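An overview of the molecular structure
Take a look at the letters that make up each chain.
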Amino acid sequence: KQRDLIKLRRIHGHILLHDTQLFARDIIVGNALVSMYTKCFALSEAQDLFDNLPLRNVVTWNALISGYAQQGHGNEAINLFKQMMDEGVTPNEVTYICVLKACGSKGFVELGEEICVEVTKKGLLRRDIVLGTSIVDMYARCNMMNKAQEVFGKLPKHDIVAWNVLISGYAQYGHVHVPLQLFQLMQRDGIKPCKVTYSSILKACNNTGITINLRILHQQIIKDSMESDIMIGNILLDMYAKRGMLEEAQKVFDDLKNRTIVSWGAIIAGYASQGHIVRVLTLFSKMVQSDINPNPVMFSVVLKSCGG
């Protein structure tokens, strides 16, 4: 990104040096530069350019709003949206999607609901699944799952992204049985789960300790070729270890292509909880040899298993 930013600054400088009127003649060039600055994470430079452009349209505004929203600056994105409205620029679907993301991250439900009303009034909710899913996501992030479910039901179709947004929303706030029901409904609807789906389901079950047939779910993950994903593998490993199913936990651990400190911590904690001191020390030694630095939690687990 730094190399791209240096090239971008050179292009921008060349334009300012050799054709000072280009931005006044060609709005596309200004829009492209604003967008490229945001993609290089140079938001201050994108803002400076934006402020000095003689020509701006909805694409210009979207480029900057999107940059702020994507990089976690929700307040700035929302303030820019309000400024855009004050200047009489009509937002489009892209604008709404970006602002809804900012509303969800900052909990600005009132603005999100205003956008939802406007989108519904314009008939966009039933035409644009990406925009509709963004509304579902906004409500889900604000823990308004009834509203999220209501908007989900109004979407013209349900793709994997829409299902994942709803499932993860329920899972995030402890509604474990609902994600499992949605997981079944999604498959009946002909949608194949992806790693995001499985991670949401597994995290929900793991965090609440709900009883599920973990082996059956694991087999489905293998069938869908998701077992090699490090995030899913680590969650499965942790779930097996916490349930004392050490043989299964060890199998998942052995099959992981890339082991992180989370992987090592889960398997070591599993053996420690069952009093397998020799195995704990052996694994700890192998972890250190693998250039994984133990953290304080890991030291605590090992010391407790040794009676320290």
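Conventions used here
- Residues numbered from 1 in each chain as written.
- Predicted model: local features only at pLDDT ≥ 70, side-chain atom pairs only at ≥ 80, totals over all residues.
- Heavy atoms only, no water.
- Helix = DSSP H or I, 4+ residues; strand = E, 2+ residues; numbered from the N terminus.
- Buried < 20%, exposed > 50% of the residue type's maximum accessible area, 1.4 Å probe, protein only.
- Contact = heavy atoms within 4.5 Å.
- Areas by Shrake-Rupley, 256 points an atom, 1.4 Å probe, with all protein chains shown as cover.
- Arc of directions from axis to C-beta.
- Axes fitted to C-alpha atoms, helices over the stretch in contact; angles between N-to-C directions.
- Parallel < 35°, antiparallel > 145°, perpendicular 65-115°, else oblique.
- Left-handed = near helix turned anticlockwise from the far one by under 90°.
- Nonpolar A, V, L, I, M, F, W, Y, C, P; charged D, E, K, R; others polar.
- Phe/Tyr/Trp six-rings, centres within 6.5 Å; stacked < 30°, edge-to-face > 60°.
- Lys NZ or Arg CZ within 6 Å of the ring centre and 35° of its normal.
- pLDDT = per-residue confidence, 0-100.
- Salt bridge = Lys/Arg side-chain N within 4 Å of Asp/Glu carboxyl O.

Let's talk about the overall build of the protein chain
- Each helix and strand counted, the protein chain has 19 helices and 0 strands in total.
- In terms of overall dimensions, the protein chain has a C-alpha envelope of 75 × 45 × 35 Å along the principal axes.
- Here the protein chain holds 308 residues, and 45% of them are scored as buried.
- A sequence separation of at least 24 residues applies to 59% of the contacts in the protein chain between residues at least 6 apart.
- On the protein chain, roughly 16100 Å² of surface is accessible, and the fraction owed to carbon and sulfur atoms is 53%.

Some points on helix α16 (residues 246–255)
- Within α16, the full set of buried residues consists of L246, A249, Q250, V252 and F253. Along the axis of α16, the buried residues cluster in a sector spanning 160°; they form a single face.

Quick word on the packing of helix α17 (residues 261–273) against helix α18 (residues 277–289)
- Running from N to C, α17 and α18 cross one another at 165°; their axes reach a closest spacing of 9 Å. With respect to α18, the axis of α17 lies roughly antiparallel. Note on packing geometry: the crossing formed by α17 with α18 is left-handed. Across the interface between the two elements, W264, I267, I268, Y271 and A272 of α17 pack against R279, V280, L283, F284, K286 and M287 of α18.
- In the contact of α17 with α18, the residues fall into 9 nonpolar, no polar and 2 charged.

Digging into the side chain of T38
- Secondary-structure assignment places T38 in helix α3 (residues 27–39).
- The exposure class assigned to T38 is buried, which follows from its relative accessible area of 6%.
- If we skip the residues at most four places from it in the chain, T38 touches L43, A46, A63, L64, G67 and Q71.

Some words on the packing of aromatic side chains
- In this structure the tally under the stated criterion is 5 aromatic pairs.
- Look at F50 and W61: their rings are 4.8 Å apart centre to centre, the planes differ by 80°, and that puts the pair in the edge-to-face class. Of this pair, F50 sits in helix α4 (residues 43–52) while W61 is found in helix α5 (residues 58–70), placing the two residues 11 residues apart along the sequence. You'll find F50 and W61 in the same group, each marked buried.
- One residue, R259, lies across the ring of F253, its end atom 4.3 Å from the ring centre.

Structural notes on unusual backbone geometry
- Located in the positive-phi region is S225, a residue other than glycine, with phi close to 60°.
- Here S225 shows up in the loop between α14 (214–223) and α15 (230–242).
- Not every positive phi belongs to a glycine, and D291 is a case in point at roughly 65°.

Looking at the packing of helix α7 (residues 93–106) against helix α9 (residues 129–141)
- It is at 8 Å that the axes of α7 and α9 come closest, and there the two elements cross at 10°. In terms of axis orientation, α7 runs roughly parallel to α9. The chirality of how α7 crosses α9 is left-handed. Across the interface between the two elements, E93, Y96, I97, L100, C103, G104 and S105 of α7 pack against V130, L131, S134, I135, M138 and R141 of α9.

Topic: the environment of C194
- For C194, the location among the structural elements is in the loop between α12 (177–188) and α13 (195–208).
- Among the residues examined, C194 registers a relative accessible area of 22% and is labelled partly exposed.
- Taking C-alpha positions, C194 is 9.6 Å from V161, a pair spaced 33 residues apart along the chain.
- Other than its neighbours up to four places away in sequence, C194 contacts I160, N164 and M226.

So, the confidence of the model for the protein chain
- Predicted confidence across the protein chain gives a mean pLDDT of 90, with 97% of residues reaching 70 or more.
- Considering each helix and strand of the protein chain separately, the mean pLDDT is smallest for α13, with a value of 81, and largest for α5, with 96.

Notes on the pattern of salt bridges
- For the structure shown, the criterion picks out 11 salt bridges.
- One salt bridge connects E248 with R215, and the closest N-O pair in it is separated by 2.6 Å. Taken together, the residues E248 in helix α16 and R215 in helix α14 connect sequence positions 33 residues apart.

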